[in-house]
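# Survey of secondary and tertiary structure
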Amino acid sequence: MTSHPSPKRSRRHATASWLRSPLANQIKPPLVCIGLTLVLWQFLAQFNSEGFPGPIDVISETWDPYIIHPFFDDGGTSKGLALQLLISLQRVAVGYSLAAVVGIAAGLAIGLNRFLRRGFDPLIQVLRTVPPLAWLPISLLLFQQADTAAIFVIFITAIWPIVINTAVGITEIPQDYTNVARVLKLRKRSYLRDILMPATAPYVFTGLRIAIGLAWLAIVAAEMLKADGGIGFFIWDAYNAGGDTSTSQIILAIVVIGLVGLALDRLVGAVGKLVANGGN
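Residues numbered from 1 in each chain as written. Predicted model: local features only at pLDDT ≥ 70, side-chain atom pairs only at ≥ 80, totals over all residues. Heavy atoms only, no water.

## Considering the packing of aromatic side chains
- The tally for this structure, following the rule as stated, stands at 6 aromatic pairs.
- Measuring from ring centre to ring centre gives 6.0 Å for Y66 and F72, while their planes differ by 65°; the resulting arrangement is edge-to-face.
- Taking the relative accessible area as the measure of exposure, F72 reaches 15% and is therefore buried.
- Measuring from ring centre to ring centre gives 5.3 Å for W236 and Y239, while their planes differ by 20°; the resulting arrangement is stacked. Residue W236 and its partner Y239 are located together in helix α10 (residues 231-241), separated by 3 residues, close to a single helical turn.
- Among the aromatic residues, ring-to-ring pairing joins Y66, F72 and F234 into one connected group. (Phe/Tyr/Trp six-rings, centres within 6.5 Å; stacked < 30°, edge-to-face > 60°. Buried < 20%, exposed > 50% of the residue type's maximum accessible area, 1.4 Å probe, protein only. Helix = DSSP H or I, 4+ residues; strand = E, 2+ residues; numbered from the N terminus.)

This is the structure we're talking about:
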């Protein structure tokens, strides 16, 4: 006589198997840690006399319209979070693209020429430490327009890691590669395509990945001080409004900024891996 497992036992076995699966093992640690953080935050919020909201209050106070209607547009600067994000992302796209083009070109020139490398190194080391907001008054004086000034702040903040990493990538090309190119008498175009670009691509994308984080940081800071839209402006506007839900709006915007920054970082990282693997 053969005994069959009961349906209840089969379901428990299937659940236990799923909890031990590789996917579940990847999800469980962040899920547990984030859950504990939210529970602790909610618990501590109960004892805050200033009325600092817990996560439940943040969601309930911003649910309508900021979460369920992210694309609302009441005219002027009264827009949903998604539209504010699009404004910021457009500025970042322009400033970051300019920084990538100019930075890679400058990095190539500096990496290939020892005179330029030694000449520009002190200037780059000084300028790359200047905080993004320190550039804002200069950019406003130069361009007299908040939009262009914000794009310039992104450009000047993001360009340095791209220049430095590109130049370092060129100097790290093994001497054997260069010797082989000389022996084979490769043309400049072949040298660039077959040796220089593959060897420097990991360094270039490391610089691009650092730069996208700095660009996102710079745009939020610049928009908080001088802009007529964007996620940074949204935070500053909510702070100045001083309403009952202002703190919840600011916290929601901070969470969104972090998630978008993470997505941008992963996107550039994925493109870098794709290029490094030759598109496979």
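## A word on the packing of helix α9 (residues 188-225) against helix α11 (residues 246-276)
- Contact pair α9 / α11: the axes reach a minimum separation of 9 Å and the direction vectors enclose 165°. Between α9 and α11, the interaxial angle falls into the category roughly antiparallel. For the pair α9 and α11, the crossing hand works out as right-handed. In contact with A201, F205, L208, R209, I212, W216 and V220 of α9, α11 contributes I257, V260, G261, L264, D265, R266, V268, G269, V271, G272 and V275.
- Each residue belonging to the contact of α9 with α11 can be placed in one class, and the counts come to 12 nonpolar, 3 polar and 3 charged. (Axes fitted to C-alpha atoms, helices over the stretch in contact; angles between N-to-C directions. Parallel < 35°, antiparallel > 145°, perpendicular 65-115°, else oblique. Left-handed = near helix turned anticlockwise from the far one by under 90°. Contact = heavy atoms within 4.5 Å. Nonpolar A, V, L, I, M, F, W, Y, C, P; charged D, E, K, R; others polar.)

## Quick notes on the side chain of S139
- Relative to the helices and strands, S139 is located in helix α6 (residues 136-143).
- One polar contact links the side chain of S139 to the main-chain carbonyl oxygen of L136, over a distance of 2.7 Å.
- Those residues in contact with S139, other than ones at most four positions away along the chain, are Q144, A149, F152 and V153. (Polar contact = N/O pair within 3.5 Å; in protein donor to acceptor, adjacent residues only side chain to side chain.)

## Quick look at the nonpolar core
- In this structure, L81, V92, Y96, L208, W216, I219 and I231 are the most contacted members of the largest nonpolar core, which totals 47 residues.
- Only α4 (81-112), α7 (146-171), α9, α10 and α11 provide two or more residues apiece to this core.
- For I231, the contacting residues outside a window of four places in its chain are L81, Q84, L85, S88, W216, V220, E223, A253 and I257.
- A181, Y191, I195 and L196 belong to the second largest nonpolar core, which has 5 residues in total. (Core = buried A, V, L, I, M, F, W, Y, C linked by side-chain atoms within 4.5 Å.)

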